[in-house]
Amino acid sequence: QVQLVESGGGLVQPGGSLRLSCAASGFTFSSYTMSWFRQAPGKERELVAVNYAGGGTIWAASVKGRFTISRDSAKNTVSLQMNRLKPEDTAVYYCNVNLSGNQYWGQGTQVTVSS
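Now for a description of the structure that goes with this document. (Residues numbered from 1 in each chain as written. Predicted model: local features only at pLDDT ≥ 70, side-chain atom pairs only at ≥ 80, totals over all residues. Heavy atoms only, no water.)

Overview of the nonpolar core
Phase 1 of the analysis: Formed by 28 residues in total, the largest nonpolar core has its most connected members in W36, L80, M82 and Y93.
Phase 2 of the analysis: The element that contributes the greatest number of residues to this core is strand β9 (residues 91-99), accounting for five residues.
Phase 3 of the analysis: In this structure, Y93 is in contact with E6, L20, W36, F37, R38, V48, F67, L80, M82, G108, T109 and V111, ignoring residues within four places of it in sequence. (Core = buried A, V, L, I, M, F, W, Y, C linked by side-chain atoms within 4.5 Å. Buried < 20%, exposed > 50% of the residue type's maximum accessible area, 1.4 Å probe, protein only. Helix = DSSP H or I, 4+ residues; strand = E, 2+ residues; numbered from the N terminus. Contact = heavy atoms within 4.5 Å.)

Below, the structure is given as structure tokens:
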């Protein structure tokens, strides 16, 4: 029943912006910490940003100052606003939640930054 669905990916030029969204269902959204991860070709999946259920956010050093994670509990969504995108941001971006020790992932959405 737990489901995470990402959307908003696409092709953008360096310096551009994209907003990714994750629609969550099957659990009490406001009670759990949500995260965004990404995985580039040939590289391991890495943490991008975290939005804590109790409030507060953190970002990976590579995106801090450019990306913002936010939550809308009324809509059961978590978003990732990406600004000043760089070619190295190219990756599949995944939404994540940990429920009672079990990890759940969305299907991923492709972000390609290229001129």
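Structure's up, so let's keep going.
A short note on the pattern of salt bridges
Phase 1 of the analysis: For the structure on display, the rule yields three salt bridges.
Phase 2 of the analysis: The partner of R38 in a salt bridge is D89, with the nearest N and O atoms 2.9 Å apart. Note that R38 is positioned in strand β4 (residues 34-39) and D89 in the loop between β8 (77-82) and β9, a separation of 51 residues in sequence.
Phase 3 of the analysis: Owing to a relative accessible area of 5%, R38 belongs among the buried residues under this scheme.
Phase 4 of the analysis: The exposure class assigned to D89 is buried, which follows from its relative accessible area of 0%.
Phase 5 of the analysis: Beyond isolated ion pairs, a larger network of salt bridges with shared partners links R38, E46, R66 and D89. (Salt bridge = Lys/Arg side-chain N within 4 Å of Asp/Glu carboxyl O.)

Thoughts on a nonpolar patch on the surface
Phase 1 of the analysis: Together, L47, Y52 and I58 make up an exposed nonpolar region whose accessible area comes to about 230 Å².
Phase 2 of the analysis: Note that L47 resides in strand β5 (residues 46-51).
Phase 3 of the analysis: Given a relative accessible area of 36%, L47 falls into the partly exposed group. (Patch = residues over 30% accessible without salt bridge, like charges linked within 9 Å, V, L, I, M, F, W, Y side chains within 5 Å. Areas by Shrake-Rupley, 256 points an atom, 1.4 Å probe, with all protein chains shown as cover.)

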